[in-house]
Amino acid sequence: MSNAPHTPKIPPNIRLATVLLALALLLLGGCSSLRLAYGYLDWWMDRTLNKYLDLEGPQEDLLSQRVDEFHRWHRQTQLPRYADYLDQLAAEVDSPADTVPARLTEIEKKTDEFWNSSITMLSDLLLPILLQLDDAQISQLADNARKEREKSLKKWQKDQHKREKAFRKEAERWLGDLTQEQDAMVERELVSTTFDPKRRDAQRQRWTNVFIQTLKDKPDGYEQTLRDLLIDPQTLWSEDYRQMQEQLRIQARNLGSEVLQNATPEQREHLKTTMREYASDFRFLAAQSP
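Calculation rules
- Residues numbered from 1 in each chain as written.
- Predicted model: local features only at pLDDT ≥ 70, side-chain atom pairs only at ≥ 80, totals over all residues.
- Heavy atoms only, no water.
- Helix = DSSP H or I, 4+ residues; strand = E, 2+ residues; numbered from the N terminus.
- Contact = heavy atoms within 4.5 Å.
- Areas by Shrake-Rupley, 256 points an atom, 1.4 Å probe, with all protein chains shown as cover.
- Phe/Tyr/Trp six-rings, centres within 6.5 Å; stacked < 30°, edge-to-face > 60°.
- pLDDT = per-residue confidence, 0-100.
- Patch = residues over 30% accessible without salt bridge, like charges linked within 9 Å, V, L, I, M, F, W, Y side chains within 5 Å.
- Salt bridge = Lys/Arg side-chain N within 4 Å of Asp/Glu carboxyl O.
- Lys, Arg positive; Asp, Glu negative; His and termini not counted.
- Charge placed at Lys NZ, Arg CZ, Asp CG, Glu CD.
- Buried < 20%, exposed > 50% of the residue type's maximum accessible area, 1.4 Å probe, protein only.
- Core = buried A, V, L, I, M, F, W, Y, C linked by side-chain atoms within 4.5 Å.
- Axes fitted to C-alpha atoms, helices over the stretch in contact; angles between N-to-C directions.
- Parallel < 35°, antiparallel > 145°, perpendicular 65-115°, else oblique.
- Left-handed = near helix turned anticlockwise from the far one by under 90°.
- Nonpolar A, V, L, I, M, F, W, Y, C, P; charged D, E, K, R; others polar.
- Expected span 1.5 Å × (residues − 1).
- Polar contact = N/O pair within 3.5 Å; in protein donor to acceptor, adjacent residues only side chain to side chain.

Undergrad: I'm lost on the overall build of the protein in this one. Help?
TA: Secondary structure summary: the protein contains 12 helices and zero strands in total. Start at the N end of the protein and walk to the C end: the helices and strands fall as α-α-α-α-α-α-α-α-α-α-α-α. Sequence separation of at least 24 residues holds for 82% of the intrachain contacts in the protein that already meet a minimum separation of 6. Of the roughly 14300 Å² of accessible surface on the protein, 50% is carried by carbon and sulfur atoms.

Undergrad: What's the story with the packing of aromatic side chains in this structure? I'm lost.
TA: Here a ring pair, both rings aromatic, is described through the centre-centre distance and the interplanar angle of the planes. Applying the stated criterion across every chain, the model contains eight aromatic pairs. Ring-pair connections join several aromatic residues into one group, and the members of that group are Tyr82, Tyr85, Phe114, Trp174, Tyr278 and Phe282.

Undergrad: Would you take a moment to explain the confidence of the model for the protein for this structure?
TA: If pLDDT is low for a region, its predicted coordinates should not be looked at in detail. Averaged over the protein, the pLDDT score is 79; the fraction of residues at 70 or greater is 78%. Confidence, expressed as mean pLDDT per element, reaches its minimum in the protein at helix H1 (residues 19-25) with 34 and its maximum at helix H10 (residues 222-231) with 94. Below pLDDT 50 for its whole length, residues 1-32 participates in 117 contacts with residues either more than four positions away or in separate chains.

Undergrad: I'm lost on a negative patch on the surface in this one. Help?
TA: On the surface, a cluster of negative charge is contributed by Asp54, Glu56, Glu60 and Asp61. Positionally, Asp61 belongs in helix H4 (residues 58-91). Since its relative accessible area comes to 54%, Asp61 is described here as exposed.

Undergrad: Where do I start with the nonpolar core in this structure?
TA: Side chains of nonpolar character tend, in soluble globular proteins, to be buried together. Counting residues in hydrophobic clusters, the biggest one holds 28 residues, and the most contacted among them are Leu79, Leu86, Leu175, Leu271, Met275 and Phe282. Within the residue set of this core, elements represented by two or more residues are H4, helix H5 (101-130), helix H7 (160-175), helix H8 (180-192), helix H11 (239-261) and helix H12 (265-286). With 25 residues, the next largest nonpolar core counts Phe70, Ile212, Leu226 and Leu229 among its residues.

Undergrad: Help me understand unusual backbone geometry, please; the structure alone is not making it clear to me.
TA: Leaving glycine aside, a negative phi is the common case for residues, and trans is the common case for peptide bonds. Although it is not a glycine, Lys218 adopts a positive phi angle of roughly 50°. Checked against the element boundaries, Lys218 lands in the loop between helix H9 (197-217) and H10.

Undergrad: How should the packing of H9 against H11 be read in this particular structure?
TA: Relative placement of two packed helices is described by the angle separating their axes and the distance separating the axes. Axis separation between H9 and H11 bottoms out at 11 Å; the angle between their running directions is 130°. Here H11 runs oblique to H9, going by the angle between their axes. Of the two possible hands of crossing, H9 and H11 adopt the one that is left-handed. The segment H9 lies against H11, with Arg199, Arg200 and Gln203 engaging Asp240, Tyr241 and Met244. Residues that form the contact of H9 with H11 fall into these classes: two nonpolar, one polar and three charged.

Undergrad: Any chance you could explain the environment of Leu127 here in plain terms?
TA: Looking at the secondary structure, you find Leu127 in helix H5. Between the alpha carbons of Leu127 and Glu223 there is a distance of 8.1 Å; along the sequence they are 96 residues apart. Residues within four places of Leu127 in sequence aside, it is in contact with Glu223, Leu226, Arg227 and Leu230.

Undergrad: Just checking my understanding: could you explain the pattern of salt bridges for this structure?
TA: Any two side chains of opposite charge can pair, given that their charged atoms come close. Applying the stated criterion across every chain yields a total of 17 salt bridges. Salt-bridge contacts for Arg249 lead to Glu108; the nearest nitrogen and oxygen are separated by 1.9 Å. Residue Arg249 is found in helix H11, and its partner Glu108 is found in helix H5; the two are separated by 141 residues along the sequence. Each of Glu108, Asp112, Glu246, Arg249 and Arg253 takes part in one network of salt bridges that share partners.

Undergrad: I'm lost on H12 in this one. Help?
TA: Think of an α-helix as turning once every 3.6 residues; residues three or four places apart then point the same way. Helix length check: H12 (22 residues) gives 32 Å between terminal C-alpha atoms against 32 Å at 1.5 Å per residue, within 8%. For H12, every residue scored as buried is listed here: Gln267, Arg268, Leu271, Lys272, Thr274, Met275, Tyr278, Ala279, Asp281, Phe282, Leu285 and Ala286.

Undergrad: When you look at the side chain of Gln78 in this model, what are you seeing that I'm missing?
TA: The residue Gln78 is located in helix H4 in this model. A distance of 2.9 Å separates the side chain of Gln78 from the side chain of Thr77, its partner in a polar contact. Filtering out sequence-adjacent residues up to four positions away, Gln78 remains in contact with Trp73, Ser117 and Ser118.

Undergrad: What should I look at first to understand the environment of Ser289 in this one?
TA: Inspection of the secondary structure puts Ser289 in the segment after H12. Given the relative accessible area of 66%, Ser289 is considered exposed. In the structure, Ser289 is positioned 213 residues away from Gln76 in sequence and 9.1 Å away in space, judged by C-alpha atoms.

Undergrad: Is there a simple way to think about the packing of H4 against H12 in this case?
TA: Contact geometry of H4 with H12 gives a least axis separation of 8 Å together with a crossing angle of 160°. In this view, H4 runs roughly antiparallel relative to H12, as classed from their interaxial angle. When the axes of H4 and H12 are compared, the crossing they make is left-handed. Contact with H4, carried on its side by Arg75, Leu79, Pro80, Tyr82, Ala83, Asp84, Leu86, Asp87, Leu89, Ala90 and Ala91, involves Lys272, Met275, Arg276, Tyr278, Ala279, Phe282, Arg283, Leu285 and Ala286 of H12 and no other residues of that element. Among the residues making up the contact of H4 with H12, the classes are represented as 14 nonpolar, no polar and six charged.

Written out as structure tokens, the structure is:
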């Protein structure tokens, strides 16, 4: 189990155990605010999507309808899965095998599965809206995507100190206070990580260019091409970018394994309690009417 879904230099697609929480509620706060935050998921998605899509009238109404449909599906079908898995992980916290990188790889695959289920559903709901865009809207989509990408790159380069503080805050959410030894492990990993935000930005730009051009040209089978790009953007990864991502995953697994192997009994109890609290909140939310 990883101890943090947000790392200072490791990009957000490094998913270990706790990233399923970020997927489920976009992790806007701790357990105490979880139920409230999830209630605003449809509003957050509407707001985020409207950064990219300039819609009005029937298109805007359809977007809101599809976002509501996704929220309802996610609440009823996905939250119970997250809750069951968190309870399973909590029961395994004291197992020696639960701290080895191989076990963290299994957890990573499971959380990838959760992510893929949601991104597939969301893509299938939103693709019909994208297919309705006219040339002017497609151009606006491309321009908005460029602006958001540039903003993300500037923020990443500017806020390293804030990201380091956020990493430790997330680690302490799951484990409680870190020991000096664990803090040194984290610091060592942050210094040695090889993540390059400019390479990530270049890869995002490449994906956007292919997606926008496909949307404009509408070649044979373009609907399926667009769906594939939404669900599996890794098909456009260059080999050197793929290697960088794999190396980052390895570093994240090793760090998670090292920290957990050195966890105190109090930290393990804290981890189990936190996971079970999230599981309880997920079940409560799943039982509510959208």
